[in-house]
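The residues making up each chain are set out below.
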Amino acid sequence: MDESKVPGWHVLGSAGGMDLDQTLTSGQCFRWQRQADGWHGIAEGRRVTAKVEDDMLWLLSPPEEDGFWRHYFALDTDYGALHRRFAASKRLASCVEAAPGLRVLNQPFFEVLCTFLISQNNNIPRIKGIVERLCMLCGEELAPGVYAFPAPEALATQTPESMAVLRAGWRSDYLLNAARRVCDGALDPQTLSALPMDAAREQLMQLRGVGPKVADCVLLYGLGFADACPMDVWMKRAMAVLFPRGMPRAAGACKGIAQQYIFEYARTHLPRGEKPPAKPRKPGLSRAKSAKGKTLPREPEQSC
DNA sequence: TGCCAGGCATCTA
DNA sequence: TAGATGCATGGC
């Protein structure tokens, strides 16, 4: 037996201040569970248990998968340096203070696409439930009762009838269509990654069920477009973090997303020591929310 | 029990 | 073109 393939606890590397609780509960991923021995997760057919001790990231996984997880956890991004730069901005410093251990994960494209299609007009507990049922329906069984996220080919063979068990509502059609577009080559992550970000966003939005929000999440989490965060989106999210008064019930999730956007925006847009540009003035949030009287209250501007 | 959710497509004025 | 509405389901 090849000993190198035996899963065992080992150090992947310095955690660099990463906090798994903050990162894995921020709403960017949906297949992690906290258990007594650490965080249990599945990505791209790989199972792992992860924990941070003394700022070292420990994994219980086959060592040959270390490269995958190093990329997944973005261990090569120097968040310490980022945080020092953020200190120049009151806004960013507030976000860092709220969740200094938050990191943006690099997740598999198809998993991100599907989970964020599921996320629309939905809440996180239910999103997780639908994702788990989807994996049980057509994902590979990695261990008794443990399923990988479905491959596009496996999902594409499903039907609206077979998808009914997901209880995902109209989102099932979006999932089927997305899987089939990936399978027929019309949607290819490598091609998308090679495009300029705006072109990649435009192509994603050709997909039924993908609007600006879902497209940006796929660009950011699933395609490595770290700057998939237009200024107005960034500022909307920042508002939710810095001015929580009047936030809807999902404030926790909103905060997580806000911080992720802020980190990535600042990382790619702010030259060292430079202040972020002024916030453009925009009307409130989405039309639908305004119509329902759920618009976040506007707050006075803060200079950064 | 009823509101609302990490949107989006479609309809209407 | 902007605003309104409906969509399926379940968490809270």
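The name recorded for chain A in an unreviewed UniProt entry is DNA-(apurinic or apyrimidinic site) lyase, from Gemmiger gallinarum. Its UniProt record gives chain A a comment under Catalytic activity (unreviewed entry), which states: "2'-deoxyribonucleotide-(2'-deoxyribose 5'-phosphate)-2'-deoxyribonucleotide-DNA = a 3'-end 2'-deoxyribonucleotide-(2,3-dehydro-2,3-deoxyribose 5'-phosphate)-DNA + a 5'-end 5'-phospho-2'-deoxyribonucleoside-DNA + H(+)". Among the UniProt annotations of chain A, the heading Sequence similarities (unreviewed entry) holds the following wording: "Belongs to the type-1 OGG1 family."

What follows deals with the side chain of R171. Locating R171 in the fold gives a position in helix α8 (residues 171-183). For R171, which is buried and forms no salt bridge, the nearest opposite charge comes from D173, at a distance of 11 Å. Reaching out from R171, the side chain makes a polar contact with the backbone oxygen of I118 at a distance of 3.3 Å. With sequence-adjacent residues up to four places away left out, R171 is seen in contact with L117, I118, Q120, N121, N122 and R126.

Here the focus is the pairing of strand β5 (residues 56-61). By the alternation rule, side chains of β5 split into L57, L59 and S61, which are all buried, and M56, W58 and L60, of which none is buried. In terms of strand pairing, strand β4 (residues 46-53) meets β5 through five bridges, oriented antiparallel. Directly across from E53, in β5, lies its bridge partner M56. In textbook terms, the turn of a hairpin is the stretch between consecutive antiparallel strands, and for β4 and β5 this stretch comprises two residues, one of which, D54, has a positive phi near 50 degrees.

Let us look at helix α10 (residues 197-204). Of the positions making up α10, those classed as buried are M197, A200, R201 and L204. One side of α10 carries all its buried residues, which in axial view fall inside an arc of 100 degrees. What points out from α10, more than 90 degrees from its buried face, is the exposed set D198 and E202. On its buried side, α10 packs onto α5 (109-119), α9 (189-194) and α11 (212-222).

Moving on to the side chain of T23. Structurally, T23 is set in helix α1 (residues 20-24). The buried category is assigned to T23, whose relative accessible area is 0%. A distance of 2.9 Å separates the side chain of T23 from the backbone oxygen of D19, its partner in a polar contact. Beyond its immediate chain neighbours, meaning those up to four positions away, T23 contacts M18, Q28, C29, G101, L102, R103 and L105.

About the cut-offs
- Along each chain, numbering runs from 1 in the same order as the chain's sequence is written.
- Lettering for chains starts from A, numbering for ligands starts from 1, and both go in the order in which the items are written.
- Since the coordinates come from a predicted model, pLDDT governs what is reported: local features require at least 70, and pairs of side-chain atoms require 80 or more to be given and counted, while whole-chain, interface and lining totals use all residues.
- The side-chain numbers reported here are obtained from all heavy atoms of the structure, hydrogens and water having been left aside.
- UniProt positions are given in the numbering used here, feature names are shortened, and annotations may be inferred rather than shown by experiment.
- In this description a helix means any DSSP run of H or I spanning at least four residues, a strand means any run of E spanning at least two, and both kinds are numbered starting from the N terminus.
- Between buried and exposed lies partly exposed: a residue is buried under 20% and exposed over 50% of the maximum accessible area for its type, with that area taken using a 1.4 Å probe on protein chains only.
- The charge count includes Lys and Arg as positive and Asp and Glu as negative, but it does not include His or the ends of the chains.
- Note on definitions: salt bridges are taken to be side-chain nitrogens of Lys or Arg within 4 Å of carboxyl oxygens of Asp or Glu.
- For the purposes of these results, a polar contact is taken to be a pair of N or O atoms within 3.5 Å, where, inside protein, one atom must be able to donate a hydrogen and its partner to accept one; residues adjacent in sequence count only when each atom of the pair is a side-chain atom.
- Two residues qualify as a contact provided that any one of their heavy atoms is within 4.5 Å of a heavy atom in the partner residue.
- In short, DSSP must find at least two bridges between two strands for them to pair.
- When we speak of the arc, we mean the arc of directions from the helix axis to the C-beta atoms.

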